[in-house]
Amino acid sequence: MSPQQMEGFFSSRMQDQFLYVSGIKNISAKNIQGLTLLKLSFYENTDMAEASAQVALQVNRAMKFFPPGALPPQVVRFDASSLPVGQLVLSSESRSLKEIYDMASTLVRPMFSSVAGLSAPPPFGANSRTITINVDPNKLRSYNLTPDEVVAALAKFNVMSPSGNLRLDNTMFVTTINSLIKNVDDFGNIPVVTKNGIPIYVKDVARIADGSDVTVSYALINGRRSVYIPAVKTADASTWDVVKNLKKKLPEIQSLLPEDVHVSYAFDQSVAVMNAVESLMHEGGLGALLTGLMVLLFLRDWRSSLIVMVTIPVSVLIGVLLLTLFGQTINIMTLSGLALAIGILVDQATVTIESIHQHQEKGKSKRQAVFDACQEIAIPLLLILFCILAVFAPSFLMEGIPRAMFLPLSLAIGLTMIASYFMAQTVVPILANWLLNDHLQPDHGKPSFFDRVKTQYIHQLHRLMRFKKTVIGVYLVVTIALVAGAFMLIGKDMMPKVNNGQFQLRIKEPDGTRLERTEEKVKQVLQVIDSTVNHQVAISSTFVGMVPSSYGVSNLYVFNTGTHEAVIQVNLQHGYKMNTDELKDALRKNINYKLPGLRLNFEPIDMTEKIMSQGAATPIEVRIAGKDMDEMKEYADKVVDRLQSIPYLRDVQIAQPLKLPTIAISVDRLKASQLGLEMNDIARSVTASTSSSRFTQKIQWLDEHNTYTYQVQVQVPEYVMNTMDELREIPLVAGQRTPTLGDIATFSTAYVPGEYDRQGPRRYLTVMANIHQKDLGSATDAVQQALSKLEKPPRGVLVELKGMSSLLVETLNSLQTGLLFAVLVIFLLLAANYQSLKLSLTALITIPSVILGSLVLLLLTGSTLNLQSYMGMIMSTGVSVANAILIVSNAENLRLVVRDAESAVLQSAGTRLRPILMTSLAMIAGMIPMALGTGDAGEQAAPLGRAVIGGLFASTFAALFILPLVFTWLKERAGFSSPSLLPQTRVKESPELQQETL
């Protein structure tokens, strides 16, 4: 059926029925020749089991309105992460594609069910095995036969009949009848008609072959025709586990196949995943080592450094265990969280060790110092833990892609931090009792380097106190202004761009180009690709043409609108270094030079990109929706012209084929009626001649060797039905050479849309574009400005920006809201703890510097503001507040004793200088390997590390120099009575505090 008929008879009907299903967010449909593909999206928290049952119920009802002969729809529960993780390729030097395809379907595909988490789409590269009855039109005319008579004869003499039983004496026999043809050649012996006592057999007018259905596609592996099965993992399965278990099955699969058929696994996505995992593990381990060295540098005590280092692996292991209990897997996001947490883990243990050292320097015994230190810091560390956890609380309120990406990282950090807190309060004190020296006496000789730094720091801070209001005002104005400016300048993306050595290219010949011509162009394109990358192609996989209508579900993985399209996947050699954007631009130029007029566009191939794109072929998509196709086409052309004027947009084109050549056969119903013809008979004859009888008459043959059934279909060979004269000469009346189709019909050539896409009540066209060396945020702004300059669309035409652009806006808004919510939660936590709004505001004064530091370092390193860098920025916010708490808590306690805000904060800042510098520099050192981005996953995780380093560097400066000024300003006239309802004896019973003030 034509795309328009598919839309009218199937798409519209099912859309109406699906409106009864609860929880549906939107319904979109794609309609091409012989296929309707509907996508139902549901709101968050919808019970998908209930929704699936309702969808199946409505499908059953909609089927009652389908045209006769229509196949039942397939309902597939599909998730954005249900993507191919590789291809199982079957090849042979001696076997035909038909044989390989049949082995793939009957022997290899059933083995997929034995691999947990692996689904089994039908094979790609050929069509299903079919018994073809290739009739000769000339012989049919000589016998005054029509193709439909051959179909009727086959259906009459090849029927399925039930077996019976015959009971003779003591034995019960099964009775069978040869109603089914056993051997393929025997189809030729079926009589079509008998004339003058002489039978005319099928073999007299047709050639019988054990072949395949009408070819509409080919799969090329390295330019040669092959067959492959995409290995598709389920949504909740681990990529590594699925691929590992499938590879274990390869020897068993190979044993099922003949020796001359070879099976291999190609386009292994687990390699990129495992390389990324190993890279992050390496960066995390190196970061832990650098963190330990930084602690050793400050404490100058290998025992203390060892205690701190021991807490890192133990906390990480506990965090991994807890992640497993929460149903998470080890992936890029959880590993990024663990790598990010390593620097923060040190904070808890370091503060504990540093506090123990300070108490020992006051002359206390080791056990007493450990006890007093842990008692003193238990509440501040718990508050710090709550503040760090608070910055990730918004991840539980997010929806869609941001939640899926942000929640695993948040859980990884949060669970590991909880483990770290308990380690700092239990394991660290025990190890300190075992390993630390009994007494640390203060050195009364020559001041150490750090003592000189501390003295100079307090001196400079004391000088700034005279200009505190001016400094604070300048800090706030300058910081906020720079943050606003940096936010305007920095690029914005969903995820960092990754050069993983793979790319996917879609090429389009003029609409309606034959499959063989498209295949020829594909081979030329492969040659251009190979020469452009200096023969560094490891493997290429191409799907040319459209998915056979018998396997409509395969369009979930490869969707082509006709035989004029092909999708090429290329995997480059591992050692080949290149810039992806530059390589794509070079390919565009080289392909257009050798093959002018060939349309092409690059599509996502990386699993993360595919998940983030949510099915969009390009990052920029403009949807023009309406009811009148001509109006939509006219306005879409204007959009294309406008977008082509933006210099960094590439591959700007309308996605749908709009000029598909058709031959319109207009039957004169009056002539047909006068000749005693019915439209159904005419249609069946034309279908059998131009396509096959596959969908008009169900005839099956059982292969007793492999116990599979195959379709039997009548068709006119393509090389015979290749002129308009052959079309006109199709006979219509059984037993008569005339009338023919040309006697009752006229023929005209027209160009119509080859695809009708619909969402809700409107059809739509999509203008798509790729981006060259520009961030998605800037491109989105440019496209929105370009659209605003166009004339107002006609009434009923709606223009929307879709693709990853709309997702970017939604995600950034969600993250910004999350950051503000996190700050609010921290403020409430601090207010509850301090019972003072002024102290809470003081602790938050470092947050603007965090944002500024992160943005500045991202700008300096050429990174963009994306999910990863946003996570780093949010993480830095929690750590900056932790540093502020160390100063504010101690300063307020001292203020209540010394009765002077400035003296209290100067002493507190001096006391907390070393732990703040140590924890901040240790975390910065731990983030350096990640920020350098040297590993295979480096480009993806580097912005996270850079945002953390920039935020920590700036916030440490603000905590040491700005926060004391704010504390003095806000608390210099404050009272000294504690707002707490507890008895005010805690301060008086703290002799160490009193000793510090002397």
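Structure: above.
Below is a summary of the structure that appears in this document. (Residues numbered from 1 in each chain as written. Predicted model: local features only at pLDDT ≥ 70, side-chain atom pairs only at ≥ 80, totals over all residues. Heavy atoms only, no water.)

Concerning the pairing of strand 16 (residues 565-572)
And step 1. In terms of burial, strand 16 is largely enclosed, as eight of its eight residues are buried.
And step 2. Every second residue of strand 16 is oriented toward a common face, with Glu565, Val567, Gln569 and Asn571 on one face and Ala566, Ile568, Val570 and Leu572 on the other, all of them buried.
And step 3. Bridge count between strand 14 (residues 502-508) and strand 16: seven bridges; the pairing is antiparallel. Directly across from phenylalanine 503, in strand 16, lies its bridge partner valine 570. (Buried < 20%, exposed > 50% of the residue type's maximum accessible area, 1.4 Å probe, protein only. Helix = DSSP H or I, 4+ residues; strand = E, 2+ residues; numbered from the N terminus. Pairing = 2+ DSSP bridges.)

Focus on the nonpolar core
And step 1. Judged by nonpolar contacts, the single largest core of 150 residues is most densely connected at Leu643, Leu649, Val767 and Leu830.
And step 2. Excluding residues within four positions of it along the chain, valine 767 makes contact with Ile620, Glu621, Val622, Ile624, Ala636, Val639, Val640, Leu643, Val652, Gln653 and Ile654. (Core = buried A, V, L, I, M, F, W, Y, C linked by side-chain atoms within 4.5 Å. Contact = heavy atoms within 4.5 Å.)

Regarding a nonpolar patch on the surface
And step 1. Together, Leu286, Leu289, Leu293, Leu296, Trp302, Leu306, Val310, Val314 and Ile318 make up an exposed nonpolar region whose accessible area comes to about 730 Å².
And step 2. Going through the elements one at a time, helix 8 (269-299) and helix 9 (302-325) are the ones with two or more residues in the nonpolar patch.
And step 3. Counting residues per element, the nonpolar patch draws most heavily on helix 9, which supplies five residues.
And step 4. Mapped onto the fold, leucine 306 is located in helix 9.
And step 5. Here leucine 306 falls in the partly exposed class, since its relative accessible area comes to 39%. (Patch = residues over 30% accessible without salt bridge, like charges linked within 9 Å, V, L, I, M, F, W, Y side chains within 5 Å. Areas by Shrake-Rupley, 256 points an atom, 1.4 Å probe, with all protein chains shown as cover. Salt bridge = Lys/Arg side-chain N within 4 Å of Asp/Glu carboxyl O.)

Brief notes about the side chain of threonine 766
And step 1. Within the element layout of this structure, threonine 766 appears in strand 25 (residues 762-771).
And step 2. Judged by relative accessible area, which is 8%, threonine 766 ranks as buried.
And step 3. When residues no more than four places from it in sequence are discounted, the contact partners of threonine 766 are Glu621, Val622, Gln653, Ile654, Ala655 and Gln656.

Quick notes on unusual backbone geometry
And step 1. Of note, histidine 535 is a non-glycine position whose phi angle comes to about 60°, a positive value.
And step 2. Note on placement: histidine 535 falls in the loop between helix 16 (515-532) and strand 15 (537-545).
And step 3. Not every positive phi belongs to a glycine, and glutamine 773 is a case in point at roughly 50°.
And step 4. Positionally, glutamine 773 belongs in the loop between strand 25 and helix 24 (776-789).

Some remarks on the packing of helix 9 against helix 13 (residues 427-435)
And step 1. Look at helix 9 against helix 13: their axes get within 10 Å of each other, and the N-to-C directions meet at 150°. By the angle between their axes, helix 9 is roughly antiparallel relative to helix 13. Considering the relative orientation of helix 9 and helix 13, their crossing is right-handed. Facing helix 9, whose interface residues are Arg303, Leu306, Ile307, Val310 and Thr311, helix 13 presents Val428, Leu431, Ala432 and Leu435.
And step 2. Looking at the contact of helix 9 with helix 13 residue by residue, the classes come out as seven nonpolar, one polar and one charged. (Axes fitted to C-alpha atoms, helices over the stretch in contact; angles between N-to-C directions. Parallel < 35°, antiparallel > 145°, perpendicular 65-115°, else oblique. Left-handed = near helix turned anticlockwise from the far one by under 90°. Nonpolar A, V, L, I, M, F, W, Y, C, P; charged D, E, K, R; others polar.)

Things to note about the packing of aromatic side chains
And step 1. Under the criterion given, the structure shown has eight aromatic pairs.
And step 2. When the ring of phenylalanine 124 is compared with that of phenylalanine 543, the centres are 5.2 Å apart and the planes differ by 85°; the resulting orientation is edge-to-face. Of this pair, phenylalanine 124 sits in the loop between strand 4 (118-119) and strand 5 (129-135) while phenylalanine 543 sits in strand 15, placing them 419 residues apart in sequence.
And step 3. Residue classification places phenylalanine 124 among the buried positions, given a relative accessible area of 3%.
And step 4. Overall, phenylalanine 543 belongs to the buried group, its relative accessible area being 2%.
And step 5. Between the NZ or CZ atom of arginine 13 and the centre of the ring of phenylalanine 65, over which it lies, the distance is 4.0 Å.
And step 6. Stacked on the ring of tyrosine 764, the Lys or Arg arginine 623 has its end atom at 4.0 Å from the ring centre. (Phe/Tyr/Trp six-rings, centres within 6.5 Å; stacked < 30°, edge-to-face > 60°. Lys NZ or Arg CZ within 6 Å of the ring centre and 35° of its normal.)

Examining empty space enclosed by the protein
And step 1. By the definition in use, this model includes four cavities of 30 Å³ or more.
And step 2. A volume near 60 Å³ is recorded for the largest cavity.
And step 3. As for the largest cavity, its lining consists of Pro137, Leu140, Arg141, Pro147, Ser689, Val716, Met721, Glu726, Glu729, Ile730 and Pro731.
And step 4. Among the elements that line the lining of the largest cavity, the one with the most residues is helix 4 (residues 137-142), at three residues.
And step 5. By residue class, the composition of the lining of the largest cavity is seven nonpolar, one polar and three charged. (1 Å grid on protein atoms, 1.4 Å probe; cavity = no way out; pocket = protein on both sides within 12 Å on 5 of 7 lines; lining within 4 Å. Points joined across faces, edges and corners; volume = space filled by probe spheres on them.)

Overview of the sheet that holds strand 22 (residues 708-715)
And step 1. The sheet built from four strands is open, its strands ordered 10-5-22-21 with mixed pairing. Each edge of the open sheet carries a strand with a single partner, namely strand 10 (206-212) and strand 21 (700-703). Neighbour-to-neighbour, the strand axes of this sheet turn through a mean angle of 25°, independent of strand direction.
And step 2. In the sheet, strand 5 pairs with strand 22 via five bridges, with the strands oriented parallel. Bridge assignment links isoleucine 133 to a residue of strand 22, and that residue is valine 714.

Observations regarding a negative patch on the surface
And step 1. Taken together, the side chains of Asp628, Asp630, Glu631 and Glu634 make up a negatively charged region of the molecular surface.
And step 2. Tracing the chain through its elements places glutamate 634 in helix 19 (residues 629-644). (Lys, Arg positive; Asp, Glu negative; His and termini not counted. Charge placed at Lys NZ, Arg CZ, Asp CG, Glu CD.)

Examining the packing of helix 16 against helix 17 (residues 580-594)
And step 1. Between helix 16 and helix 17, the shortest axis-to-axis distance is 10 Å and the interhelical angle comes to 135°. If you check the angle between helix 16 and helix 17, you find them oblique. Our pair here, helix 16 against helix 17, has a crossing hand that is right-handed. Taking contact as the criterion, the partners of Gln524, Val525, Gln527, Val528, Ile529 and Thr532 in helix 16 are, on helix 17, Leu583, Ala586, Leu587, Asn590, Ile591 and Lys594.
And step 2. A per-class count over the contact of helix 16 with helix 17 returns seven nonpolar, four polar and one charged.

Some words on the environment of methionine 111
And step 1. Tracing the sequence through the fold places methionine 111 in the loop between helix 3 (97-108) and strand 4.
And step 2. Residue methionine 111 is classed as buried on the basis of its relative accessible area of 15%.
And step 3. Placed 783 residues apart in sequence, methionine 111 and leucine 894 show a C-alpha to C-alpha distance of 72 Å.

Section: the environment of valine 522
And step 1. Inspection of the secondary structure puts valine 522 in helix 16.
And step 2. C-alpha separation for the pair valine 522 and histidine 357, spaced 165 residues apart in sequence, amounts to 71 Å.
And step 3. Ignoring anything within four residues of it in the chain, the contact list for valine 522 reads Leu220, Ile507, Thr542, Val544, Ala566 and Ile568.

Digging into the side chain of asparagine 601
And step 1. For asparagine 601, the location among the structural elements is in strand 17 (residues 599-603).
And step 2. Take asparagine 601: its relative accessible area is 0%, and that puts it in the buried class.
And step 3. Those residues in contact with asparagine 601 that lie beyond four places of it in its chain are Gln504, Leu505, Arg506, Lys508, Thr618, Asp651, Gln653, Met768 and Asn770.

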